[in-house]
Amino acid sequence: MNRNLLYWLLQILGWGSIALVQIVLGSLSDTGIAKVQIWALIVLAVFNLLATHFLRFIVKQYNWFKLKITQLLFQSIMAMLALSFVNIVAQILINIAFGTLNPEEDFQILVILANLFIAFLFYVMWFLLYFLFHFLDNYNTSLKYEAKINQIRLAHLKSQLNPHFIFNALNSVRALVDEDPNKAKNAITRISNILRFSLMMDKKQTIDFEDELNTVKDYLMLESIRFEERLKVIYRIEDEAYSYKIPPMMLQTIVENAIKHGISNLVKGGIIEIKCREGLEDDLYIQVKNSGHLSVPPSLKPKADGGHGLSNTVQRLKLIYGDRATFRIFNSENEFVITEIKIPKQRVTLET
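All of these numbers come straight from a predicted model, not from anything done at the bench. Counting of residues starts from 1 at the beginning of each chain's written sequence and follows it residue by residue. Residues qualify for local features only when their pLDDT is at least 70, as the model is predicted, and side-chain atom pairs are given and counted only at 80 or more; totals for whole chains, interfaces and linings, by contrast, use all residues. Excluded from the side-chain calculations are hydrogens and water; all other atoms, namely the structure's heavy atoms, are used.

S.K.: Go over the pattern of salt bridges, please, and point to the residues and values.
M.R.: For this analysis, a salt bridge means a side-chain nitrogen from Lys or Arg found within 4 Å of a carboxyl oxygen belonging to Asp or Glu. All chains considered together, the criterion is met by six salt bridges. Close ionic contact of R190 with D218 constitutes a salt bridge, the shortest N to O distance being 2.9 Å. Of this pair, R190 sits in helix α7 (residues 181–200) while D218 sits in helix α8 (residues 209–227), and the two are 28 residues apart along the sequence. On the accessibility criterion, R190 (22% relative accessible area) is partly exposed. Burial classes: relative accessible area under 20% of the type maximum marks a residue as buried, over 50% as exposed, and values in between as partly exposed (1.4 Å probe, protein chains only). Classification of D218 as buried rests on a relative accessible area of 9%. A salt bridge links D283 to R324; its shortest N-O distance comes to 3.9 Å. Put simply, DSSP marks the helices as runs of H or I at least four residues long and the strands as runs of E at least two long, and each gets a number from the N terminus on.

Set out below in structure tokens:
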């Protein structure tokens with residue numbers, strides 16, 4: 001179920017149940033309960049729903065759950081006390097509006113303090129339940145991401161350690177040993193860098209853009225040895241891009257896809273252009289353009305043979321950034337396939 005829908009359902013059920021209990025208890029009293037009193041309790045329940053929704057907005061807007069526990073407790077208690085006082089004022093105004101106010105009783109100090117205490121308890125219960133829901137939801141999201149990143153790691157290691165990849169890389173190096181020993185040493189270093197990056201990639205959701213780009217450069221340098229003049233690589237990277245973090249192996253996966261399904265299928269080879277720029281709203285735009293033609297729109301669902309590249313890229317973007325990240329792949333008008341990704345600068349916490 002959608003998180004927002006679940007949130008509103010729980011809000012309505014929670015405050016509606018409290019109003020229902022109050023109505024039932026009132027009906028069981030000796031004097032019973034009038035219809036106007038029922039409507040007053042319903043309006044009060046609506047007020048409590050809106051008040052706690054406002055508190056939720058404040059919590060999310062100012063990232064309260066990222067505060068230290070002592071600061072979180074202090075701000076939460078003060079906020080709930082403030083809401084409790086507002087609740088007392090709301091009760092008085094509602095009773096005045098519905099003509100159910102009894103000044104001699106409702107304005108007694110003990111009655112006001114009792115109502116204040118009850119309102120505070122309700123808000124404390126609400127906040128504890130919301131905190132628990134938020135914690136469990138984030139924990140569930142973390143578990144999903146951990147499972148996905150492990151799947152990505154295994155898929156990528158399988159790709160990088162694929163016998164064909166190793167065979168092609170080593171053959172390229174062997175051809176250079178006598179012809180250009182220095183270039184051969186450089187190629188071995190590149191292979192070592194790629195394998196080290198693959199094996200040492202931890203469970204971080206994002207890494208520095210520069211680290212990912214360096215791995216991509218190592219990979220394309222090795223492919224340049226294999227394709228020789230058939231592969232031309234162009235980098236158009238704005239300086240601002242280096243201040244961003246991106247999911248590990250995301251750009252690498254897209255470039256590998258461009259080589260495998262684009263350049264390798266062309267007799268004359270082609271071009272791979274990697275372009276990264278910053279948008280107007282602190283978003284990083286990554287574009288990988290390669291020679292070729294996308295004859296059939298790619299399925300972003302995992303394939304039966306274990307292919308997970310594009311599907312995992314889309315799913316990771318969704319898990320980490322929600323709706324603020326976008327992914328698309330399409331044919332351009334001049335025989336190029338373009339893959340575009342937009343990533344926000346700051347990680348977005350999923351709504352609860």
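That shown, we press on.
S.K.: I'd like a description of the packing of aromatic side chains, backed by residues and values.
M.R.: Any aromatic ring pair is given by two values, namely how distant the centres are and how the planes are angled relative to each other. Ring pairs shown here join Phe, Tyr and Trp side chains whose ring centres sit within 6.5 Å, with only the six-membered ring taken for Trp; geometry is labelled stacked below 30 degrees between planes, edge-to-face above 60, and tilted in between. Evaluation of the coordinates by the stated rule reveals five aromatic pairs. When the ring of Y7 is compared with that of W8, the centres are 5.2 Å apart and the planes differ by 70°; the resulting orientation is edge-to-face. The class of W8 is partly exposed, set by a relative accessible area of 31%. Measuring from centroid to centroid gives 5.6 Å for F209 and Y242, while their planes differ by 70°, and the two rings are edge-to-face. With F209 in helix α8 and Y242 in the loop between β2 (231–237) and β3 (245–246), the pair connects residues that are 33 residues apart, well separated along the chain. By relative accessible area, which is 35% here, Y242 ends up partly exposed. Linked through ring pairs, W15, F122 and Y123 together constitute an aromatic cluster. Lysine and arginine charges are scored as sitting over a ring when NZ or CZ, respectively, is within 6 Å of the ring centre and within 35 degrees of the ring normal. A cation over a ring is seen here: R56 above Y7, with NZ or CZ 3.9 Å from the ring centre.

S.K.: Explain the pairing of strand β5 (residues 283–291) to me, using residue names and the numbers behind them.
M.R.: Of all nine residues in β5, eight are buried; the element is thus mostly enclosed. Remark: four residues form the turn of the hairpin made by strand β4 (residues 270–278) and β5, two consecutive strands paired antiparallel; D282 in that turn has positive phi of roughly 55°. Paired strands, in this sense, are two strands between which DSSP finds at least two bridges. By the bridge criterion, nine bridges tie β5 to strand β7 (residues 336–344) in an arrangement that is antiparallel. Among the inter-strand pairings, I286 is bridged to a residue of β7, identified as I341.

S.K.: Could you give me a rundown of helix α3 (residues 69–98), with the residues and numbers involved?
M.R.: An ideal rise of 1.5 Å per residue puts 44 Å on 30 residues; α3 measures up with 42 Å between its terminal C-alpha atoms. Among the residues making up α3, those that are buried are L72, S76, A79, M80, L83, S84, N87, I88, A90, Q91, I94 and N95. Following α3 by one or two positions, G99 adopts a phi angle in the positive range, close to 70°. The length a helix should cover is 1.5 Å for every residue beyond the first.

S.K.: Can you lay out the sheet that holds β5 for me, pointing to particular residues and giving the numbers?
M.R.: Spatially, five strands are ordered β2-β4-β5-β7-β6 in an open sheet, and the strand pairing comes out mixed. The outermost strands of the open sheet, each flanked by one partner alone, are β2 and β6 (326–331). Sheet twist, expressed as the average angle between the axes of neighbouring strands with direction ignored, equals 10°. Bridge analysis of β4 against β5 gives seven bridges, and the strand direction is antiparallel. Each bridged residue has a counterpart across the sheet, and for I274 the counterpart in β5 is V288. Contacts: residue pairs with any heavy atoms within 4.5 Å of one another. Note on geometry: axes are lines fitted to C-alpha atoms, helical ones only across the stretch in contact, with angles between N-to-C directions running from 0 to 180 degrees. On top of the sheet, α8 reaches β2, β4 and β5; it is set at about 160° to β2, its chief contact. Helix α9 (residues 250–261) rests against β2, β4, β5, β6 and β7 of the sheet, and its axis sits at about 15° to β5.

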